[in-house]
Amino acid sequence: AYLGASNMRRFKSRNKEITDTVAGDDLPLKSLINCERGGPYHLINTTLNLSAGRDLATAQRSASSFVLSQKYCGSSRTDYCLTDEYMAGQLSLGTAVAASGAAVSPSMGAKKPTAALAMLMTLLNVRLGYWAPTPNRKGWNSSQPRLWPFYLVREFLSQTNDLSDYCYLTDGGHFDNTGLYSLIERGCRFIVLVDCGADPKPPRFADLGEAIRRCRIDFGAEINLKLDSLIHGECPSMASCFAIGKIKFSEKHLRLLALAGKDETPGPKRDELKREGIVVYVKPSLIPHVTADVRGYAFENNFFPQQPTTNQWFGEAQFESYRRLGQTCAHSAFGQFKSEGLENRGRLSMKKIRTLFFGLYDQVSRGVTP
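Overview of the structure. (Residues numbered from 1 in each chain as written. Predicted model: local features only at pLDDT ≥ 70, side-chain atom pairs only at ≥ 80, totals over all residues. Heavy atoms only, no water.)

## Examining the overall build of the protein chain
Scanning the protein chain from N- to C-terminus turns up 13 helices and 10 strands. Burial status across the protein chain gives 42% buried among its 370 residues. Sequence separation of at least 24 residues holds for 68% of the intrachain contacts in the protein chain that already meet a minimum separation of 6. For the protein chain, the exposed area adds up to about 21000 Å²; of that, 55% sits on carbon and sulfur atoms. (Helix = DSSP H or I, 4+ residues; strand = E, 2+ residues; numbered from the N terminus. Buried < 20%, exposed > 50% of the residue type's maximum accessible area, 1.4 Å probe, protein only. Contact = heavy atoms within 4.5 Å. Areas by Shrake-Rupley, 256 points an atom, 1.4 Å probe, with all protein chains shown as cover.)

## Concerning a nonpolar patch on the surface
A cluster of nonpolar side chains, namely V104, L117, L120, L123, L124, V126 and L128, defines an oily patch on the protein surface of about 640 Å² accessible area. Looking at where L128 falls in the secondary structure, it is placed in the loop between α4 (115-123) and β5 (130-133). (Patch = residues over 30% accessible without salt bridge, like charges linked within 9 Å, V, L, I, M, F, W, Y side chains within 5 Å. Salt bridge = Lys/Arg side-chain N within 4 Å of Asp/Glu carboxyl O.)

## Remarks on the sheet that holds strand β10 (residues 276-282)
Strand order in the open sheet made by the 4 strands is β7-β10-β9-β8, with mixed pairing throughout. In this open sheet, the two edge strands, each paired with only one partner strand, are β7 (190-194) and β8 (222-224). Neighbour to neighbour, the strand axes of the sheet diverge by 25 degrees on average, direction disregarded. Direction of pairing for β8 relative to strand β9 (residues 242-248): antiparallel, over a ladder of 3 bridges. Bridged to E222 within β9 is K248. (Pairing = 2+ DSSP bridges. Axes fitted to C-alpha atoms, helices over the stretch in contact; angles between N-to-C directions.)

## Notes on the environment of N141
Along the chain, the position of N141 falls in the loop between β5 and α5 (148-156). On the basis of relative accessible area, N141 is assigned to the partly exposed category, the value being 42%. Once the C-alpha coordinates of N141 and Q90 are considered, the two residues, 51 residues apart in sequence, prove to be 9.3 Å apart. Contact partners of N141, with chain neighbours within four places excluded, come to E85, M87 and A88.

## So, the pattern of salt bridges
What the rule picks out here adds up to 12 salt bridges. The partner of R214 in a salt bridge is E210, and the shortest N-O contact between them spans 3.1 Å. With R214 and E210 both in helix α7 (residues 206-219) and 4 residues apart, this pair spans about one turn of that helix. Here the salt bridges do not stand alone but share partners, grouping D195, D199 and K283 into one network.

## Side note on the environment of S142
For S142, the position within the fold is in the loop between β5 and α5. For S142, a relative accessible area of 23% puts it in the partly exposed group. As a C-alpha pair, S142 and A132 span 10 residues in sequence and 9.1 Å in three-dimensional space. Of note is the side chain of S142, whose polar atom sits 2.6 Å from the side chain of Y166. (Polar contact = N/O pair within 3.5 Å; in protein donor to acceptor, adjacent residues only side chain to side chain.)

## Structural notes on the packing of aromatic side chains
For the structure shown, the criterion picks out 13 aromatic pairs. Ring geometry for F150 versus Y151: centroids 5.1 Å apart, planes at 75 degrees, classification edge-to-face. Classification of F150 as partly exposed rests on a relative accessible area of 47%. Of the residues examined, Y151 reaches a relative accessible area of 8% and is grouped as buried. A cation sits over an aromatic face here: R214 above F175, 4.7 Å from the ring centre. (Phe/Tyr/Trp six-rings, centres within 6.5 Å; stacked < 30°, edge-to-face > 60°. Lys NZ or Arg CZ within 6 Å of the ring centre and 35° of its normal.)

## What about the packing of α4 against α5?
Axis separation between α4 and α5 bottoms out at 8 Å; the angle between their running directions is 145 degrees. For the pair formed by α4 and α5, the contact residues are A118, M119, T122 and L123 on the first element and L152, E155 and F156 on the second. In terms of residue class, the contact of α4 with α5 is built from 5 nonpolar, 1 polar and 1 charged. (Nonpolar A, V, L, I, M, F, W, Y, C, P; charged D, E, K, R; others polar.)

## Some words on α4
Along α4, the residues classified as buried are A118, M121 and T122. Each buried residue of α4 sits inside an arc of 100 degrees when the element is viewed along its axis, so together they form one side. Those residues of α4 that are exposed and aimed more than 90 degrees away from the buried face are A116 and L123. Those residues of α4 that are buried are in contact with α5. (Arc of directions from axis to C-beta.)

## Quick look at the pairing of strand β6 (residues 166-171)
Within β6, 6 of the 6 residues are buried, which leaves the element mostly enclosed by the surrounding structure. Across 3 bridges, the pairing between strand β1 (residues 43-49) and β6 is antiparallel. Within β6, the position partnered with L48 by the bridge is L169. Relative to β6, β5 is paired through 4 bridges, and the arrangement is antiparallel. Residue pairing for β6: Y130 is matched across the bridge by L169.

What follows is the structure, encoded as structure tokens:
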């Protein structure tokens with residue numbers, strides 16, 4: 001839907017129905033140019049299923065992160081391949097996004113079903129996962145598996161791992177439903193995290209807790225994010241839908257990424273500053289100054305804005321209510337900052353980004369409403 005809506009050729013093909021495929025709806029993943037136009041580098045997170053993993057690291061997780069991007073595809077377990085060579089360069093953006101959203105499958109990482117249910121789902125063809133070449137195995141540049149019955153049997157028996165020529169990818173939420181893990185793995189110091197997973201009242205922050213826990217175990221990163229204002233509703237409108245915390249990266253992890261010890265100003269303070277980061281955690285909430293239509297929709301729907309994700313049939317009122325609430329929450333966090341110098345200027349300098357995030361952190365720490 002989003003790819004088709006973004007295709008300019010559709011405006012020229014007036015005789016085409018909205019359900020018809022138009023040339024240009026999909027595009028190769030390797031051809032993304034969003035960075036050249038000032039946009040962020042796009043990471044598409046999937047889950048590498050390891051139900052049959054044979055090492056202690058996968059004993060309980062049964063999964064690992066697997067990233068698809070414009071430059072590289074792979075994971076720390078399988079190594080990485082150049083995207084323009086991976087699968088002979090045929091991996092498309094639509095396929096990558098579909099794999100990232102494959103929420104129902106016989107293998108679902110840490111959320112894997114029982115063996116009997118996995119067999120039943122396979123027999124009924126309730127399987128949205130995607131078999132992709134394993135980057136560190138032979139045949140990594142082939143587009144699709146030839147002996148597909150063999151891989152179908154592996155789904156049936158829940159025998160997915162990273163040891164064969166093809167690995168099984170499903171919804172990224174089966175490993176990390178926030179996207180935080182991949183950003184910490186890359187050493188990103190300034191993060192905006194929007195948690196839109198269904199979280200009934202009172203909020204449990206299960207997805208956030210799982211991501212923070214795994215970042216600490218795998219990378220030694222400490223994320224100090226206080227959620228009292230979101231749990232108890234003690235704060236005014238400015239913090240009732242977001243919280244700000246600090247990230248402390250481990251020196252070992254940064255050196256593996258070659259991000260430490262390469263600054264212009266030598267000294268211990270330089271490395272200490274590089275180890276610090278800021279995360280802005282946004283949790284959609286009914287803050288006091290939402291518009292009347294959003295408030296009215298909330299009165300009619302008790303679970304809004306935490307309606308279950310099994311509801312995939314959004315009507316106009318539901319879609320617009322979520323869109324408007326998201327806009328209001330974002331403005332509550334960042335609305336004080338002028339857009340001058342932040343838009344239409346290509347890449348942002350690290351100095352501007354640092355000033356923006358640390359300025360917001362200092363204001364919230366002092367209890368000042370943005």
